[in-house]
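Results of the structural survey
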Amino acid sequence: NQLHFLIDVKDITEQRKNTERMVQIQKMETIGTLAGGLAHDFNNILSGITGPVSLLQLMYRRGAADEKKVWKHLTTIHKATGRAKNIVNQLLSLARKNELVFQPVDLTAVFENVMEIASNSFDKSVAIVFHNNLTDVMVLADQTSLEQVFLNLLINAAHAMTIMRPKEMVWGGVIEISIEKVQWRQP
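Residues numbered from 1 in each chain as written. Predicted model: local features only at pLDDT ≥ 70, side-chain atom pairs only at ≥ 80, totals over all residues. Heavy atoms only, no water.

Ranked by size, the top nonpolar core spans 23 residues in total, and within it F122, L146, F150, L154 and I175 carry the most contacts. The set of elements that each furnish at least two residues to this core consists of α3 (107-121), α4 (143-161) and β4 (173-179). Leaving out residues up to four positions away in the same chain, I175 has contacts with F122, V126, A127, I128, V129, L154, A157, A158 and M161. Counting residues in each nonpolar core, the second largest holds 8 residues, with I49, A80, A84 and I87 among its members. (Core = buried A, V, L, I, M, F, W, Y, C linked by side-chain atoms within 4.5 Å. Buried < 20%, exposed > 50% of the residue type's maximum accessible area, 1.4 Å probe, protein only. Helix = DSSP H or I, 4+ residues; strand = E, 2+ residues; numbered from the N terminus. Contact = heavy atoms within 4.5 Å.)

Laid out in structure tokens, this is it:
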């Protein structure tokens, strides 16, 4: 009686590197798709900053510093810069090349982040409706990866309703998202 062993050793380093490159390319494509819509929104945000700044400058030059008006303009500027910062942070989180970090993630928050990015960049003929009657919808996941997957799904759906739609069909539509709790039983 003889024992025979077969050992198969494979170096998957290159395969792993290619997979990481592909994920990064997909992230960058997503950001590229969103850039046009975000540029429009950033112009709107900048208008929400430059308009009140111009009014404040005019008030200062005229010596008419009505405290309520000044405070109103400063509040508008503060809100606009907060929106801009939020958009930039969301884009940066998508663009980062990170290791997966599994932690408790609230699906509602993930969808709300993705919907904000999408609604700021999609064609205005595409509406997004989010149905969620649940609270505390926690999963163990990598938040950035989840956001990337959901954003890609929304982009695909929006494209199917717009640029991929045949000319004879109506442009636009409604994307409905819902979170439901389902009990799964093994047969």
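We are not done yet, so read on.
Quick look at the environment of I31 now. For I31, the position within the fold is in helix α1 (residues 13-62). Residue I31 is classed as buried on the basis of its relative accessible area, which comes to 16%. Sequence spacing of I31 and Q148 is 117 residues, and the spatial spacing of their C-alpha atoms is 10.0 Å.

By the secondary structure assignment, D106 is in strand β1 (residues 103-106). Classification of D106 as partly exposed rests on a relative accessible area of 27%. Through-space distance from the C-alpha of D106 to that of M138 is 4.5 Å; in sequence the pair is 32 residues apart. Ignoring anything within four residues of it in the chain, the contact list for D106 reads V137 and M138. A distance of 3.1 Å separates a polar atom in the side chain of D106 from the backbone nitrogen of T108. (Polar contact = N/O pair within 3.5 Å; in protein donor to acceptor, adjacent residues only side chain to side chain.)

Residues with a pLDDT of 70 or more make up 87% of the chain, whose mean pLDDT is 80. Model confidence for the chain, summarised as mean pLDDT per element, is weakest for helix α2 (residues 67-95) at 77 and strongest for β1 at 92. (pLDDT = per-residue confidence, 0-100.)

The subject of this paragraph is the packing of aromatic side chains. Aromatic rings considered in pairs are described by the distance between their centres and by the relative angle of their planes. What the rule picks out here adds up to 2 aromatic pairs. Between F111 and F130, the ring centres sit 5.6 Å apart and the planes meet at 40°, which makes this aromatic pair tilted. Taken as a pair, F111 in helix α3 and F130 in strand β2 (residues 126-132) lie far apart in primary sequence, 19 residues in all. Given the relative accessible area of 10%, F111 is considered buried. (Phe/Tyr/Trp six-rings, centres within 6.5 Å; stacked < 30°, edge-to-face > 60°.)

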